[in-house]
Amino acid sequence: MAYVDGFLLPIPKKNLGAYKKMATLASKVWRDHGALHYVEAVGEDLKPGFGLPFPKLAKAKAGETMVFAYIVYKSRAHRDAVNKRVMKDKRLLASCGADDMPFDIKRMAWGGFNVIVQR
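Only a predicted model underlies this, so the values are computations on that prediction, with no experimental measurement involved.

Caption draft 1: Region of interest: the pairing of strand 1 (residues 3-12). Most of strand 1 sits inside the fold, with nine of its ten residues counted as buried. Bridge analysis of strand 1 against strand 3 (residues 64-73) gives ten bridges, and the strand direction is antiparallel. Bridge pairing in strand 3 links Leu9 to Val67. Looking at chain direction, strand 1 and strand 4 (residues 109-114) are connected through six bridges and run antiparallel. Each bridged residue has a counterpart across the sheet, and for Leu8 the counterpart in strand 4 is Ala109.

Caption draft 2: The sheet that holds strand 2 (residues 37-42), seen in detail. The four strands lie next to each other as 2-3-1-4, forming an open sheet whose pairing is antiparallel. Both edges of this open sheet fall to strand 2 and strand 4, since each of them pairs with a single strand only. Strand-to-strand, the axes of this sheet are offset by a mean angle of 15°, without reference to chain direction. By the bridge criterion, six bridges tie strand 2 to strand 3 in an arrangement that is antiparallel. Note on strand 3: the bridge partner recorded for Tyr38 is Ile71.

Caption draft 3: View of helix 3 (residues 76-86). Buried within helix 3 we find His78, Arg79, Val82, Asn83 and Val86. For helix 3, the angular spread of buried residues about the axis comes to 125°, placing them on one side. Within helix 3, the exposed residues directed more than 90 degrees away from the buried face are Ala77 and Lys84.

Caption draft 4: Examining the pattern of salt bridges more closely. Scanning all chains against the criterion turns up seven salt bridges. Between Arg79 and Asp5 there is a salt bridge whose closest N-O contact spans 2.6 Å. Residue Arg79 is found in helix 3, and its partner Asp5 is found in strand 1; the two are separated by 74 residues along the sequence. In this structure, Glu64 and Arg107 form a salt bridge, with 2.8 Å as the shortest nitrogen-oxygen distance. You can see Glu64 sitting in strand 3 and its partner Arg107 sitting in the loop between helix 4 (90-95) and strand 4, a full 43 residues away along the chain. Arg107 gets classed as partly exposed once you look at its relative accessible area, which sits at 22%.

Cut-offs used in this document
- Residues numbered from 1 in each chain as written.
- Predicted model: local features only at pLDDT ≥ 70, side-chain atom pairs only at ≥ 80, totals over all residues.
- Heavy atoms only, no water.
- Buried < 20%, exposed > 50% of the residue type's maximum accessible area, 1.4 Å probe, protein only.
- Helix = DSSP H or I, 4+ residues; strand = E, 2+ residues; numbered from the N terminus.
- Pairing = 2+ DSSP bridges.
- Axes fitted to C-alpha atoms, helices over the stretch in contact; angles between N-to-C directions.
- Arc of directions from axis to C-beta.
- Salt bridge = Lys/Arg side-chain N within 4 Å of Asp/Glu carboxyl O.

Structure follows, in structure tokens:
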């Protein structure tokens with residue numbers, strides 16, 4: 001099958017432009033190092049009417065929206081190898097200082113997932 005890293009983060013709406021710029025660079029870096037697919041999506045319909053809405057789950061504040069992102073790999077081993085190369089990539093290191101992040105990284109949820117259904 002495949003392996004997926006998934007991310008969910010609240011982000012101030014005023015920072016979406018800066019976030020999109022950062023995400024565009026990140027997508028290029030991850031793909032250059034072997035990721036199969038890279039997606040960053042901003043919330044549009046965040047009041048589904050059932051279940052726990054993402055903003056409530058993430059304790060989003062007034063003026064924030066949600067970003068849902070995922071990166072697809074061949075396997076966990078492939079993910080680990082890609083991420084090892086990504087973390088050494090100077091393009092990311094130059095653009096992502098802790099003070100330059102357009103969101104609070106401490107509030108980002110992240111996890112690795114084995115794909116169980118893929119069509």
